[in-house]
Amino acid sequence: MHAAPARRRNFFRGAMLIESARVASCGEAAPMLAACAEVGWTCALILDDIADRSEEREGAPSIHRSHALMHVVTAVACTLMLVARTLAVHIPAPLRTRLCWLHLGISLVLRAARGAFGTRPRTLHQYARTARRVNASIEWSLLAPFCGSTRIELRRALRGYARHSSVAGKMRNDLLDYWGGSSERDAMLADFNRTRLTFPTLVLLACPLAAADRVRVADHFASRRRLPAQEL
């Protein structure tokens, strides 16, 4: 709970949810739904750092580096249960709407966990699918205010926009991880040096390459023979 305001810089998910709630005419629930979005996303970032063994997040040591791993995992689990209880009990809304929030939230959390802890993508198609899972919180921000709504076409359009935004956001982060200035870390070529196959390298491998060059890139990311960054 402390990490959300203390360790985060970007709260666009909450702002997006409040605007979506304004369109859906459910402004009373918007602040609590937005808070659930940001706290839930913080939990997802902490788990993502554990899965990636990341040393830092937004210029500070990752939470699991500052505290015992079991304490961190327990805190995340308890926080997510608190968010679920808030959605199911504490936000004033009809029972059907609260159950819809709970169902949507749980399904998106499970999807995000599958993306974070699942098999690493090795093709651009797999990359897009993983990005939609990892950034599922954008779907929450746009769709939660419309839970219980009969505006099916609008909900379908919002879901499509959210999924495209999820992929675009992951692409942007991966590019910044190569060139410096991402929300996670400021070091250039961080993913390259950690031999992580991310968007820039997947694009490279999808291009026609000389056989020798393809082998050199593959060897680097398989940790068989390191490739100097200037030769990428």
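Residues numbered from 1 in each chain as written. Predicted model: local features only at pLDDT ≥ 70, side-chain atom pairs only at ≥ 80, totals over all residues. Heavy atoms only, no water.

Trainee: Could you give me a rundown of the packing of aromatic side chains, with the residues and numbers involved?
Mentor: On inspection of all chains with the given rule, the structure shows two aromatic pairs. Plain terms: the ring middles of Tyr-127 and Phe-199 are 5.6 Å apart, the flat faces sit at 35° to each other, and that makes the pair tilted. Placement of the pair is Tyr-127 in helix α7 (residues 124-134) and Phe-199 in helix α11 (residues 199-206), with a sequence separation of 72 residues. Take Tyr-127 and Phe-199: they sit in the same class, and that class is buried. Relative to Phe-221, the ring of Phe-192 has its centre 6.0 Å away and its plane inclined at 80°; by these criteria the two rings are edge-to-face. Of this pair, Phe-192 sits in helix α10 (residues 190-193) while Phe-221 is found in helix α12 (residues 211-221), placing the two residues 29 residues apart along the sequence. Judged by relative accessible area, which is 12%, Phe-221 ranks as buried. Seen from the ring of Trp-41, Arg-13 lies directly overhead, with NZ or CZ sitting 3.9 Å from the centre. (Phe/Tyr/Trp six-rings, centres within 6.5 Å; stacked < 30°, edge-to-face > 60°. Helix = DSSP H or I, 4+ residues; strand = E, 2+ residues; numbered from the N terminus. Buried < 20%, exposed > 50% of the residue type's maximum accessible area, 1.4 Å probe, protein only. Lys NZ or Arg CZ within 6 Å of the ring centre and 35° of its normal.)

Trainee: Describe the environment of Val-89, naming the residues involved and giving the relevant values.
Mentor: By the secondary structure assignment, Val-89 is in helix α5 (residues 69-90). Taking relative accessible area as the criterion, Val-89 reaches 52% and is therefore assigned exposed. In this structure, the C-alpha to C-alpha distance between Val-89 and Leu-102, residues 13 residues apart in sequence, is 9.9 Å.

Trainee: An account of the nonpolar core is requested, with residue identities and associated values reported.
Mentor: Soluble globular proteins tend to bury their nonpolar side chains together. Judged by nonpolar contacts, the single largest core of 24 residues is most densely connected at Leu-17, Leu-33, Leu-87, Trp-101, Leu-104 and Trp-140. Only α2 (12-24), α3 (30-52), α5, α6 (95-117), α8 (137-143) and α9 (152-179) provide two or more residues apiece to this core. Considering each element in turn, this core owes the most residues, five residues, to α3. Excluding residues that lie within four positions of it along the chain, Leu-104 makes contacts with Trp-140, Leu-143, Ala-144 and Cys-147. Among the nonpolar cores identified, the runner-up in size contains ten residues, and Tyr-127, Phe-199, Leu-202 and Val-217 belong to it. (Core = buried A, V, L, I, M, F, W, Y, C linked by side-chain atoms within 4.5 Å. Contact = heavy atoms within 4.5 Å.)

All quantities given are derived from atomic positions and should not be read as evidence of function.
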